[in-house]
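Structure at a glance
Each chain, letter by letter, is given below.
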Protein chains: 2
Amino acid sequence: MTDSVVFAAPAPAPTAPTPLSPTARTTHKRARHHGVAERAALVDVLQSAKLCHMGVTVGGVPMVFPTAYGFDLDGPDRGGSIYVHGSVASRSLAPDSEICITITILDGLVLARSGFHHSMNYRSGGIIGSPRVVTDGDERVKALNLIVDQVVPGRSQHLRDHTRKEMAATIVLALPLYEASVKARTGGPGDDAADIGVETVWAGVVPAATHFGEPIPSEDLDSGVALPDHISTML
Amino acid sequence: MTDSVVFAAPAPAPTAPTPLSPTARTTHKRARHHGVAERAALVDVLQSAKLCHMGVTVGGVPMVFPTAYGFDLDGPDRGGSIYVHGSVASRSLAPDSEICITITILDGLVLARSGFHHSMNYRSGGIIGSPRVVTDGDERVKALNLIVDQVVPGRSQHLRDHTRKEMAATIVLALPLYEASVKARTGGPGDDAADIGVETVWAGVVPAATHFGEPIPSEDLDSGVALPDHISTML
């Protein structure tokens, strides 16, 4: 697998592409001896995003869908568990083959003197495996709460319990946080030496981050309900 | 294809899921008669993001990679062209089967009174098809410039020409902007009536957007090179 190219090329080699995963298909070609660092990098990626992109084979096509996720490093799967959810009616959530969950955080735009060396700073983790339909009631509730808490940390504890009807309508899938890889790029552009002397083009990095704005109360919210700390602290 | 569920469920139905594409696999189950609106929505999505997620079947697995893209509504493919690029050495860019390119913009976190009705506001477009390796020299140059201009509009015209060596090292793939679908969600939470009466939980939307920060000049940039308008205007 040469995903390294797809991630960032034609661009400077990522500065920290260290391997985590145990199989050839999730092991990058370079720098194979940084497993600990990569495990931490995977956790960082998991903590830093609100949504993932899930690859599911549908009719032979590797369809890619954005969806919410949650994760539990102490989950019952090898290496911990990442969870996605959906309606029980969804065919996309009943795959009979392996899936891929990719999470990407854009950290900056890398503007070089040449088009060739333009790139992006990013952190991205990819997890592949055969999804497990979560059937245990306690794990299902925990997974759904983790998905809510991924959106706003600490929120699930302020909500009512899930109803039996809601639980019956929802399917939860788990994937082990085991066969995974992380790629990242940091730093400035990697221009050719010949271009650096020609100082007519600005070069550098434009930092990027997801910004959360002023919360908009629901129209049907009683004005007496103040914005709770678990929301204001994430802004 | 029931991607509608994966996109947003268990959540309120998207407010504007209108069909664009001509095949069953990219046509949503509801609201089939809004093709014009959806075409505009696809263009909006294409214009609004910096990276896409590409689904490619590798060893039977629907691998998902983040990558840069560019698009040309007047491109030679049916409906126009979306372009991705990479190293000629990349196996992921030489797929022998169809691929999927998905672009997602996160617009807000939808916080409901129940976990079940939590959702996100987003715009997402998915394009599927058999990739075409771009071989025409002029189209290759245009595509690479479009990819740069997707990162920073108008930048490519300020850069030197691509070298022969750079062009030889780069593969460009095109996909028609034809078999595509757009999904979006806007608005506040769709709480159950029974939950709205219980005013103990804040409900509403936390807007989200990608924010670009103060540009960081490259360490090797001459201090006499000012930040150009094409960068300052995007901040």
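Residues numbered from 1 in each chain as written. Chains lettered and ligands numbered in written order. Predicted model: local features only at pLDDT ≥ 70, side-chain atom pairs only at ≥ 80, totals over all residues. Heavy atoms only, no water.

What follows is about the overall build of chain A. Across its full length, chain A holds six helices and 11 strands. The burial tally for chain A puts 60% of its 235 residues in the buried class. Within chain A, contacts between residues separated by at least 24 positions form 70% of all contacts whose residues are at least 6 apart in sequence. Split by element, the accessible area of chain A, about 9,300 Å² in all, is 55% carbon and sulfur. (Helix = DSSP H or I, 4+ residues; strand = E, 2+ residues; numbered from the N terminus. Buried < 20%, exposed > 50% of the residue type's maximum accessible area, 1.4 Å probe, protein only. Contact = heavy atoms within 4.5 Å. Areas by Shrake-Rupley, 256 points an atom, 1.4 Å probe, with all protein chains shown as cover.)

The subject of this paragraph is the interface of chain B and chain A. Taken residue by residue, the interface counts 95 residues in chain B and 95 residues in chain A. Taking both partners together, chain B and chain A bury about 8,000 Å²; carbon and sulfur atoms supply 68% of that area. For the interface between chain B and chain A, the tally reads six salt bridges. Note that Asp195 of chain B and Arg160 of chain A form a salt bridge whose closest N and O atoms lie 2.8 Å from each other. Summed over the shared surface of chain B and chain A, the result is 23 residue pairs in polar contact (both at pLDDT 80 or more). (Buried area = accessible area lost by both parts, 1.4 Å probe. Salt bridge = Lys/Arg side-chain N within 4 Å of Asp/Glu carboxyl O. Polar contact = N/O pair within 3.5 Å; in protein donor to acceptor, adjacent residues only side chain to side chain.)

Moving on to the side chain of His162 of chain B. On the secondary structure map, His162 of chain B appears in the loop between helix H3 (137-151) and helix H4 (164-169). Within polar-contact distance, the side chain of His162 of chain B engages the side chain of Asn145 of chain B at 3.0 Å. Apart from residues no more than four positions distant in its own chain, His162 of chain B is found in contact with Gly115 and Phe116 of chain A together with Val141, Leu144, Asn145 and Met167 of chain B.

In low-pLDDT regions, the fine details of the predicted coordinates are not to be read closely. Residues and elements named next belong to chain A. For chain A, mean pLDDT is 86; residues scoring 70 or higher make up 83% of the total. Per-residue pLDDT stays below 50 along residues 1-21; that stretch engages in 90 contacts with residues further than four places along the chain or on separate chains. Counted against residues more than four places away or in other chains, residues 29-34, with its pLDDT under 50, gives 17 contacts. (pLDDT = per-residue confidence, 0-100.)

Residue and element names in this part refer to chain A. With antiparallel pairing, four strands are arranged side by side in an open sheet as S3-S4-S8-S7. Because the sheet does not close on itself, it has two edges, and the strands there are strand S3 (70-72) and strand S7 (132-133). The pairing of strand S4 (residues 81-87) with strand S8 (residues 170-176) spans seven bridges and is classified as antiparallel. Bridge pairing in S8 places Val84 opposite Leu173. (Pairing = 2+ DSSP bridges.)

With respect to the secondary-structure elements, Val43 of chain A resides in helix H2 (residues 35-48). C-alpha separation for the pair Val43 of chain A and Phe71 of chain A, spaced 28 residues apart in sequence, amounts to 9.3 Å.

So, on to the nonpolar core. Residues Ile82 of chain A together with Ile82 of chain B are the most contacted members of the largest nonpolar core, which totals 58 residues. Excluding residues that lie within four positions of it along the chain, Ile82 of chain B makes contacts with Leu46, Tyr69, Gly70, Phe71, Ile101, Ile103, Ile127, Leu173, Ala174, Leu175 and Leu177 of chain B. (Core = buried A, V, L, I, M, F, W, Y, C linked by side-chain atoms within 4.5 Å.)

To go from the first copy of the chain to the second, apply a rotation about an axis and then a shift along the same axis. With an RMSD of 0.0 Å, chain B superimposes on chain A once it is rotated by 180 degrees and translated 0.0 Å along the axis. Taken together, the rotation angle and the small translation identify this as a two-fold axis. (Least-squares fit on C-alpha atoms with pLDDT ≥ 70 in both.)

A few words on the pattern of salt bridges. A side chain with one charge can pair with a side chain of the opposite charge if their charged atoms come near. Tallied over the entire structure, the rule returns 20 salt bridges over all chains. We note a salt bridge from Glu139 of chain B to Arg132 of chain B, for which the minimum N-O separation is 2.7 Å. With a relative accessible area of 12%, Glu139 of chain B lands in the buried category. A relative accessible area of 27% places Arg132 of chain B in the partly exposed class. A cluster of three or more residues bridged by salt bridges with shared partners is formed by Arg160 and Glu166 of chain A together with Asp192 and Asp195 of chain B.

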